[in-house]
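Listed below are the residues making up each chain.
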Amino acid sequence: MHDHGAPPQSSSRPSSAGTGARLMRRKPVEALVAEGGQGEGGSLRRSLGLWQLTMISIGATLGTGIFVVLGEAVPKAGPAVTVSFVIAGLTALFSALSYAELAGTIPVSGSSYSYTYATMGELIAWICGWCLVLEYGVSVAAVAVGWGEYLNELLDGTIGVTIPDALSAPPGDGGLFNLPALIVVLLAMAFLLGGARESARANTVMVVVKIAALLLFCLIGVQGFRSGNYADFMPLGMAGVSAAGATLFFSYIGFDAASTAGEEARNAQRDLPRAIMLSLIIVTALYVLVAAVAVGALPWQEFTDSEAALAGIMKDVTGDAIWGTLLAAGAVIAIASVVLTVLYGQTRILFAMSRDGLVPKVFSRVHPKSGTPRVNTVIVSVFCGVLAAAIPLGQLADATSIGTLFAFALVNVAVVVLRRTRPGMARTFRVPLSPLTPALGFGFCVWMMGSLDTVTWVVFGVWMAVGLVFYFSYGYRRSRLATGATSVATGAASVATGANSEEK
């Protein structure tokens, strides 16, 4: 069957196309798959199975919204914050279905960046990749900020001391430097430098601990449940529910972390779609359960912007600080796993962009012993650590949400485009009711982006402007499609296609 999805190699050369055509040049799916795992000086190692991929996805997701952002979302929506979680979860579900199809079809590290490169062209791929840098890099910093809050709760409950505000809060929140946030990022960096398999093992242990901590909260918190706390269910109207949902969507970004492990999975086409869907179902159920118990145990008016809201509820319900201390211990471990897995995803996306020539080659350099992009990991970790130490949580969370929603919207479009341009490709998972489901996913993303405040949009606009300047001054001429360097993958395309067919 003739396939119209892959343009001739010659069409990517600068001399044979105008500016418009060069901005729309697409990278053939076969080239993306054939290059999987290859980096500068070495290759990534395929060592991850379904269990590890699911744990990576849960590790990157579970904990962020509940342990960190709940205290900010409840004042916006009141008791209806549970509805906000459901709305954010549905928005994530529609996009997750699209991710699952594309992850099984194009199992590479670039996630939505690579999917848009194969379907909508280089400029859109760059914009998507730049959004992913915002999504992953900034969310690492945001979660690290919340980790410091729970660390203080743990220290106070165990040894009776806390880290001074000057060293545990960013300048905008009354401090000078958030030292704990920097420390947790550097700890995650140390794990990642050891290798993907070792990092996955550590993450699995942390995921089990975080689930146990949340179930413990539910068992204790339900004892203080008061139905009267739900009497005025939606005090701020649907606008408040929508605004809280947009903030809480930040809590769901982790499910796509599994797709960034495409080049380190043993059977990516089979396991990636399963891992994405399993993790989203588990996480959504736990989020709604914990939020319902939290609001039932504490009137919504008494929620504050404290990033350690759950530990405070445990203390209030039991009158004993030990339970809040136990939850804080679980949260310290749980949030560390989010930092670890999201940081992992950021490094793999930059790895893919670097291999395509859109960012410097240093990001795709692989260490021969560990099979990991070590220099990439160090650069990203230091950047995220400094960001976490210097910027307040709320600003980080909203900036992450808008970058995520934009990237997810593009993924929903990419599914429809690839169905039309490459109908004959083997797909291990198909989005049901396409194109209706991807259209709903796109619509939800646009709606939730509209709920974010003006400042967030201004930050996003500035970020996009900086990204476009970088692209036109660097990636536009240095991309491998611009130089014709992707020809090395052409010979392997038939092999990749054959492997794809075997999975069918």
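Residues numbered from 1 in each chain as written. Predicted model: local features only at pLDDT ≥ 70, side-chain atom pairs only at ≥ 80, totals over all residues. Heavy atoms only, no water.

1. Points about helix H7 (residues 122–158)
Piece 1. Along its 37 residues, H7 runs 53 Å from first to last C-alpha, staying within 8% of the 54 Å computed at 1.5 Å per residue.
Piece 2. Gly160 occupies a position one or two residues after H7 and carries a positive phi of about 75°. (Helix = DSSP H or I, 4+ residues; strand = E, 2+ residues; numbered from the N terminus. Expected span 1.5 Å × (residues − 1).)

2. Brief notes about helix H17 (residues 436–450)
In an α-helix, one turn spans 3.6 residues; hence positions three or four apart end up facing the same way.
Piece 1. Here H17 spans 21 Å end to end across 15 residues, near enough to the 21 Å set by a 1.5 Å rise per residue.
Piece 2. For H17, the complete set of buried residues consists of Thr437, Pro438, Gly441, Cys445, Met448 and Met449. Burial along H17 is one-sided: seen end-on, the buried residues are contained in an arc of 115°. (Buried < 20%, exposed > 50% of the residue type's maximum accessible area, 1.4 Å probe, protein only. Arc of directions from axis to C-beta.)

3. Section: unusual backbone geometry
Piece 1. Pro435 follows Ser434 through a cis peptide bond whose omega is 10°.
Piece 2. Locating Pro435 in the fold gives a position in the loop between helix H16 (393–421) and H17.
Piece 3. A positive phi is found at Ser111, a non-glycine position, where the angle reads about 55°.
Piece 4. By the element assignment, Ser111 lies in the loop between helix H5 (81–105) and helix H6 (112–119).
Piece 5. The residue Leu433 is not glycine, and still its phi comes out positive at about 55°.
Piece 6. As for its placement among the helices and strands, Leu433 is situated in the loop between H16 and H17.

4. A look at the pattern of salt bridges
When the charged atoms of two side chains lie near each other, side chains of opposite charge can form a pair.
Piece 1. Applying the stated criterion across every chain, the model contains eight salt bridges.
Piece 2. Residues Arg25 and Glu122 are paired through a salt bridge, measuring 2.7 Å at the closest nitrogen-oxygen approach. Of the two residues, Arg25 sits in the loop between helix H1 (19–23) and helix H2 (29–34) while Glu122 sits in helix H7, which places them 97 residues apart along the sequence.
Piece 3. Among the residues examined, Glu122 registers a relative accessible area of 0% and is labelled buried.
Piece 4. A network of salt bridges, in which partner residues are shared, links Glu101, Arg419 and Arg427. (Salt bridge = Lys/Arg side-chain N within 4 Å of Asp/Glu carboxyl O.)

5. So, the nonpolar core
Piece 1. By size, the foremost hydrophobic cluster in this structure holds 147 residues, and its most contacted members are Leu70, Val81, Phe85, Phe217 and Leu310.
Piece 2. Top element by residues in this core is H7. It accounts for 20 residues. (Core = buried A, V, L, I, M, F, W, Y, C linked by side-chain atoms within 4.5 Å.)

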